[in-house]
Amino acid sequence: MAVMRMGYMHVRVTDLAEAKDHYANTVGLYQTLEQDGRVYYKGWDEWDHHSVVIEEGGVGYVKCGFKCEKPEDVSDIETKAIAYGYPVVRMVAGENPEVGDGIRVTLPTGHQIEFYSQMTAWGLEVGTHNPDAFPRHMVGIGAPRLDHALLWVDDVAGIEKFFMDCVGMWATERVQTSLDDDAHTIATWLTIGESNHDIALLEAPENKIHHFAFEMRGWNDILHAADIFSMDDVPIDIGPTRHGITRGTTIYFFDPAGNRNETFSGGYRCFRDRPTVVWTPDQLGKAIFYHSRELNDRFLTVAT
Amino acid sequence: MPKLTVEPGDVTVDLLDDETILEGLYRNGFAYRIGCRRGGCAICKVDLLQGEVIYNRPVADNVLTESEQTEGTCLTCRAVAVTDVRIALREDNLRRVSSLMSLYAATRTG
């Protein structure tokens, strides 16, 4: 298996001080570096140097990175991405602080995706020697780790094919125009391991980021997170609720710049021979919000 | 205390000093199409027909451009009225979600 997981998400924020307060004190991430107007964070259950980067100025997606197991895996993706026709450049160690050599692929949508195999080790907050179950003095919602992202793209099928053919992902679920083989794909959930998705793609008129998500330790922590959001006056898009797609439990909320974040928990284990689940547009309300079964006027129209 | 008038419907509410247009409308028991409430998604833009607003927090250039501001686009989650203002919603209507909140909007505990 080449890629192991989404390693980092890098977004812009309009006000760095407010965003730092959000990601450190509300989301509960640990700051590992501040340099050149960028702040780097990791969750308590992550061991690499960072998983979230915020940069002052504007709002929205800068890039994300996927961590591969070995340098050869990065080379393999490089070869395949070039053959697929997407622009690829090499990045050298240190170009992203604490990240090793890698490649940067630019999707036709303009989204930049990086692949690398080395990042400076920082260590779990609970350590690895006779560890406790969680840090004793967790802050805010205490998000353990970055989980996935959903990108807005204008060509779901084309970019899905890139992630499948060049990166080795497969689709756990799709929204498509019909149950026929030649149906048009409206959205797709792509995984590399056994989680429901590492990246998802949704058809949209603009190429943006819809959200990036943190994995929580269960429904109790999702409910607790919602309580913290009320205390910290964090705008909630929707939740706590469940998705029909992935069966995951969720809250969508916004950071102080308006980037959508998610707390996600649950879902089912995905093996590569599992059949892909298909949803049709008439059931989109239930697919996305399993309890209310209808979309709000933000969810599919708002992105950064 | 600036007065805010909203079209369509010609609804008028009082805004508090330093309160955004969005906050003022929701405090008065109204709702309309909004998104992130934090100046990032641009969905709560309206036309500013009369009056003057300021932005006392940073707003991203790609969310509200200078020319949009000049031409009277107003980002309601970040715009604070400094005079009486009149706005027009874009392909949207103001919905009254609580007549009690409208009735008692002047009663506040801070």
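Residues numbered from 1 in each chain as written. Chains lettered and ligands numbered in written order. Predicted model: local features only at pLDDT ≥ 70, side-chain atom pairs only at ≥ 80, totals over all residues.

Draft legend 1. Molecular detail of the overall build of chain A. Of the regular secondary structure elements, chain A holds five helices and 17 strands. Expected size for 304 residues packed as a compact globule is a radius of gyration near 19 Å; at 18 Å, chain A falls within 12% of this value. Projected onto its principal axes, the C-alpha coordinates of chain A cover approximately 50 × 45 × 40 Å. Considering only residue pairs separated by 6 or more positions, chain A has 66% of its internal contacts joining residues 24 or more positions apart. (Helix = DSSP H or I, 4+ residues; strand = E, 2+ residues; numbered from the N terminus. Rg over C-alpha atoms; globule rule 2.2 N^0.38 Å. Contact = placed C-beta atoms within 7 Å.)

Draft legend 2. Structural detail: the overall build of chain B. Along the backbone of chain B there are three helices and nine strands. Mapped in sequence order, the helices and strands of chain B form the string β-β-α-β-β-β-α-β-β-β-β-α. For 110 residues, the compact-globule estimate of 2.2 N^0.38 gives 13 Å, and the C-alpha radius of gyration of chain B, at 13 Å, lies within 12% of that figure. Taken along the three principal axes of its C-alpha coordinates, chain B extends 40 × 30 × 25 Å. Residues counted as buried form 34% of the 110 residues belonging to chain B. Once local pairs closer than 6 in sequence are excluded, the contacts in chain B between residues at least 24 apart make up 70%. (Buried ≥ 20, exposed ≤ 12 C-beta atoms within 10 Å, placed from the backbone.)

Draft legend 3. Examining the pairing of strand β5 (residues 60–68) of chain A more closely. Note: strand β1 (residues 3–13) of chain A against β5 of chain A, eight bridges, orientation antiparallel. Opposite Val11 of chain A, over in β5 of chain A, you have Tyr61 of chain A as the bridge partner. (Pairing = 2+ DSSP bridges.)

Draft legend 4. Geometry of the sheet that holds strand β2 (residues 11–14) of chain B. Residue and element names in this part refer to chain B. Here we have five strands laid out as an open sheet, ordered β2-β1-β8-β4-β6, and mixed in their pairing. Taken across any chain shown, the strands that pair with only one partner, and hence form the sheet edges, are β2 and β6 (73–75). On average, adjacent strands in this sheet sit at an angle of 35° to one another, irrespective of strand direction. (Axes fitted to C-alpha atoms, helices over the stretch in contact; angles between N-to-C directions.)

Draft legend 5. Layout of the interface of chain A and chain B. Taken together, the 17 residues of chain A in the interface contact 16 residues of chain B. Its residues assigned to classes, the side of chain A that touches chain B comprises seven nonpolar, six polar and four charged. (Nonpolar A, V, L, I, M, F, W, Y, C, P; charged D, E, K, R; others polar.)

Draft legend 6. Looking closely at the domain arrangement of chain A. Residues and elements named next belong to chain A. When cut into domains, chain A gives domain 1 (3–116) and domain 2 (145–288). Placing the centre of domain 1 and that of domain 2 at their C-alpha centroids yields a distance of 19 Å. Tallying the contact residues gives 33 residues for domain 1 and 32 residues for domain 2. Counting only elements with at least two residues in the side of domain 1 that touches domain 2, the list comes to β1, α1 (16–26), β5 and α2 (71–84). Of all the elements, β1 adds the most residues to the side of domain 1 that touches domain 2, at seven residues. For the side of domain 1 that touches domain 2, a count of residues per class yields 18 nonpolar, nine polar and six charged. (Domains from an automatic or database assignment.)

Draft legend 7. Highlighting the sheet that holds strand β9 (residues 145–153) of chain A. All names here are of chain A. One open sheet accounts for nine strands, arranged β14-β15-β16-β13-β9-β12-β11-β10-β17; its pairing is mixed. Edge positions in the open sheet fall to β14 (236–242) and β17 (277–279), since each of these has one partner strand only. Within the sheet, the average angular offset between the axes of one strand and its neighbour, ignoring direction, is 20°. Summarising the sheet, strand β11 (residues 185–191) and strand β12 (residues 199–203) pair through four bridges and their orientation is antiparallel. Pairing of Ala187 across the sheet is with Leu202, part of β12. Packed onto the sheet, helix α3 (residues 156–165) meets β9, β10 (170–176), β11 and β12 and runs at close to 15° relative to β11.

Draft legend 8. Looking closely at unusual backbone geometry. Cis peptide bonds are those with omega within 30 degrees of zero, and the linkage from Gly239 of chain A to Pro240 of chain A qualifies with 0°. Relative to the assigned elements, Pro240 of chain A resides in strand β14. Here Glu7 of chain B and Pro8 of chain B are connected by a cis peptide whose omega angle stands at -5°. The backbone phi angle of Asn130 of chain A is positive, close to 50°, even though this residue is not glycine.

Draft legend 9. Quick look at the pairing of strand β13 (residues 208–215) of chain A. Residues and elements named next belong to chain A. Most of β13 is tucked away: eight of the eight residues are buried. As judged from the seven bridges shared by β9 and β13, these two strands associate in the antiparallel manner. Bridge pairing links Leu146 to Phe214 in β13. Two strands pair when backbone bridges link them, and β13 and strand β16 (residues 260–266) are joined in this way by four bridges, in the parallel orientation. Along β16, the bridge assignment pairs Phe214 with Thr263.

Draft legend 10. The arrangement of the nonpolar core in detail. Counting residues in each nonpolar core, the largest one holds 103 residues, and the members touching the most others are Met9, Val52, Ile54, Ala149, Leu151 and Ile209 of chain A together with Leu75 of chain B. Mapped onto the domain boundaries, this core takes at least three residues apiece from domain 1 (3–116) and domain 2 (145–288) of chain A. If sequence neighbours within four positions are ignored, Val52 of chain A has contacts with Tyr8, Met9, Tyr23, Leu29, Tyr41 and Leu146 of chain A. (Core = buried A, V, L, I, M, F, W, Y, C linked by C-beta atoms within 7 Å.)

Draft legend 11. The arrangement of α2 of chain A in detail. All names here are of chain A. Look at α2: 20 Å from first C-alpha to last across 14 residues, which is about the 20 Å you get at 1.5 Å a residue. Among all positions in α2, only Asp73, Val74, Ile77 and Ala81 are buried. One face of α2 carries all of its buried residues, which in axial projection span an arc of 100°. Of the exposed residues in α2, the ones pointing more than 90 degrees away from its buried face are Glu72, Thr79 and Ala83. Among the structural elements, β5, β6 (88–91), β7 (102–106) and β8 (112–116) are those in contact with the buried residues of α2. One or two steps after α2, the chain reaches Gly85, where phi turns positive at roughly 100°. (Expected span 1.5 Å × (residues − 1). Arc of directions from axis to C-beta.)

Draft legend 12. The arrangement of the environment of Lys80 of chain A in detail. Residues and elements named next belong to chain A. Inspection of the secondary structure puts Lys80 in helix α2. Judged by C-beta crowding, with 18 C-beta atoms within 10 Å, Lys80 ranks as partly exposed. Spatially, the C-alpha atoms of Lys80 and Asp255 are 36 Å apart, while their sequence positions differ by 175 residues. Sequence-distant contacts of Lys80, defined by excluding residues within four places in its chain, comprise Asp165 and Cys166.

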